[in-house]
Structures are given as structure tokens and as C-alpha cells.
Amino acid sequence: MAKIKLEYIWLDGYEPTQNLRSKTKVEEHENFKGTLEELGNWSFDGSSTKQAEGGSSDCLLVPVAIYPDPTRINGYIVMSEVMYADGTPHPSNGRATIDDDNDDFWFGFEQEYFIMDTKTLLPLGFPVGGYPAPQGMYYCSVGGKNTHGRKLVEEHADLCIAAGLNFEGINQEVACGQWEFQLFAKGAKKAGDEIWVARYLLDRLTEKYGYYIEYHPKPLGDTDWNGSGMHANFSNEVLRTCGSKETYEKICEAFRPVVKEHIEVYGAYNDQRLTGKHETASIHDFSYGVSDRGASIRIPLYTVQKGWKGYLEDRRPASNGDPYKIAARIIKTVKSAL
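Residues numbered from 1 in each chain as written. Predicted model: local features only at pLDDT ≥ 70, side-chain atom pairs only at ≥ 80, totals over all residues. Heavy atoms only, no water.

Draft legend 1. Highlighting the overall build of the protein chain. Across its full length, the protein chain holds seven helices and 13 strands. Expected size for 338 residues packed as a compact globule is a radius of gyration near 20 Å; at 20 Å, the protein chain falls within 12% of this value. Considered along the principal axes of its C-alpha atoms, the protein chain spans approximately 55 × 55 × 40 Å. Looking at the protein chain as a whole, 53% of its 338 residues qualify as buried. A sequence separation of at least 24 residues applies to 66% of the contacts in the protein chain between residues at least 6 apart. With the model as given, the accessible surface of the protein chain reaches about 15,100 Å², and the carbon-plus-sulfur share is 49%. Taken as two groups, the 37 positive and 48 negative side-chain charges of the protein chain have centres that lie 3 Å from each other. (Helix = DSSP H or I, 4+ residues; strand = E, 2+ residues; numbered from the N terminus. Rg over C-alpha atoms; globule rule 2.2 N^0.38 Å. Buried < 20%, exposed > 50% of the residue type's maximum accessible area, 1.4 Å probe, protein only. Contact = heavy atoms within 4.5 Å. Areas by Shrake-Rupley, 256 points an atom, 1.4 Å probe, with all protein chains shown as cover. Lys, Arg positive; Asp, Glu negative; His and termini not counted. Charge placed at Lys NZ, Arg CZ, Asp CG, Glu CD.)

Draft legend 2. Layout of empty space enclosed by the protein. Taken as a whole, this structure holds one cavity of 30 Å³ or more when the rule is applied. As a volume, the largest cavity reaches approximately 90 Å³. Lining the largest cavity we find Trp10, Leu11, Gln18, Met79, Ser80, Glu81, Val82, Ser92, Asn93, Gly94, Arg95 and Tyr324. Of all the secondary structure elements, the ones that give two or more residues to the lining of the largest cavity are strand E1 (2-11) and strand E5 (75-83). If one sorts the elements of the lining of the largest cavity by residue count, E5 sits on top with four residues. When its residues are assigned to classes, the lining of the largest cavity shows five nonpolar, five polar and two charged. (1 Å grid on protein atoms, 1.4 Å probe; cavity = no way out; pocket = protein on both sides within 12 Å on 5 of 7 lines; lining within 4 Å. Points joined across faces, edges and corners; volume = space filled by probe spheres on them. Nonpolar A, V, L, I, M, F, W, Y, C, P; charged D, E, K, R; others polar.)

Draft legend 3. Structural detail: the UniProt feature "domain: GS beta-grasp" (unreviewed entry) in the protein chain. Mapped onto this numbering, the UniProt entry annotates "domain: GS beta-grasp" (unreviewed entry) at residues 4-87. Helix makes up 0% of residues 4-87 and strand 50%, and the two end C-alpha atoms of the span are 26 Å apart. (UniProt positions renumbered as here; feature names shortened; annotations may be inferred.)

Here it is in C-alpha cells:
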């Protein structure tokens, strides 16, 4: 028998932006294989996470995905959904709203974020009381003058890969101290699971560096510094195989009348980021175009060159958005056009 450390993680009930919570269960197992079937449900005090009242505070944690924890001996990360005691989804459970049981939808998320110093409360590379050199040399930079936080970012990438996530890349972004990682998954629920686990690994890693991660889409306010998004690249069988410009345009047009519904789940304070500047479309407009990074939805050149067979990129989701809710809304809109 071996002692197995199971780190159950879930999303709390805070608004407008939910937070990750976690706690460890240690169990004895013989020949543990790391499968969902070997796990049981757990519970937590929902009154401490804004998910229940004190008089009836137990909420259920139902495992939905399990990954090896590369930082622990005999450790695993258990992504969990929050349910009421009767087994029905809690209102904070965005995963339960995804209509993709057959994994027809594929998602690739591009997660941007700022690495913040806990002492200065500023992005890495920012001097106290001022600003570093203007944007221009930070994007995909090399060298200590313009590149800040690489050690953390590289370690995070290694952890994600070791955990079995379909981690696809990293790069420094346009602003000083800003980075991005990319994940891809076949199935909207799996894509959401992997983004949340990757965020968990990143947040936990900062504890030993004296940093924290800022997911706010415009942490530097109304300045000439880029905000952070979480671009959502998506496809389904139709988009991957149709070979029709008209079908692509029909799907894009389906997004136009439901702009408000999308923005509502694309992350808080996104109005500060979607200004029409810094490679964004205005939150008040809707547009789409081939290879247009200033549009709401970009039709990748790759898709056109493949004979209108590929994917679309919604550039509006904010860095603090819930990938479950974002995917659920995109799926609903795409299905309405078909």
C-alpha cells in the first residue's frame, strides 16, 4: 500500500472573477493507476468560498480530470466540479453548461498574464515610481535587458508537460513582464480542465519566487501598455471540413446579434482592454476578417489557404475569463448557425 496525495482543485463562488481553491486528501492505495474511477467525491465548506450558507455549508467536489503532480511524490492533481449535496451543478459550475458531450469542438487557448513582484506590486521589469522603456522590444525578446521572468516561465512549461497537459508553447508578450502560454485540447471540457490546471500550477509555482500572477485584462490601467487576453481558437467538424467561405461567414455572422451575451462571460473589466487599440476590437463593435488581429473574430490565413477548412479565433476573451464559460457560449452560438 502506498500513500497517495490527491490535490482536489475547484473554482470558488467569488464574483466577478472566480478563484482557484485546493486541498489535499491523502489515501492509501495499492497499485494506484491515476484514473478517475479510483477517486471518490469529497466535500468542502462552501460558506468560506461564497458557495453556501453556514447553516448548510457542505458542497460536493466531483472529480472530472486527474493529472500527475510533478512536484510531489505519489501526487496527483484532481480537477473537480462543484455540486450541491443532491448532485446538481452549483451556479458557479461553468463546466456543467458546456454542450459538447461528443467532443466535436476543439479549443486552443492563448493565456496571457503579467508576472508581478510581491514586494513592489509591479510587473517584472518595472522600476518603482516609473516605467521601463516603451513597448516594442519585449515581444519574443531575448536577453536580460528586455526579458523578465524566464526562469519561472520555463519551469512552468516543464511542470505542465510533466503533468500530461497538451502544452503547446510559451512566449514573452508585448508589455514588459507579460507572458503567454498556449494549450490545445479536443473537447471543450478537456480544454477548460487543462487551462485551469495550468493556471493552478503557475499560481502555485509563484509561491517560491516571491511573485504572483495578475490575470486582470488591463492591470496597468489607461496607459499605452497592452492588456492581457485569452484568445480562443475553436473549430468543430463543420469548420474543419466544410470548405466553404459562405459557411464561415454564416457562423461569424451568428456572433453579431449576441455580442452582449459573449462579453458577459468573457471576463470582468474587459471594457478596459477592448478599446480598439493594442490589437483589440472595440467592445462596442463586432467585426471579422481574414488575418485581422484588430477584429473581434480573426479568420486565420491558414484556414483560407486550406480551402476554408480550419478554425476561427475569437480575440475578445479576457485573460481572467473562465474557459468553461467562454467555450460554452461559443459552442451555443456556432450551433445556432448550423
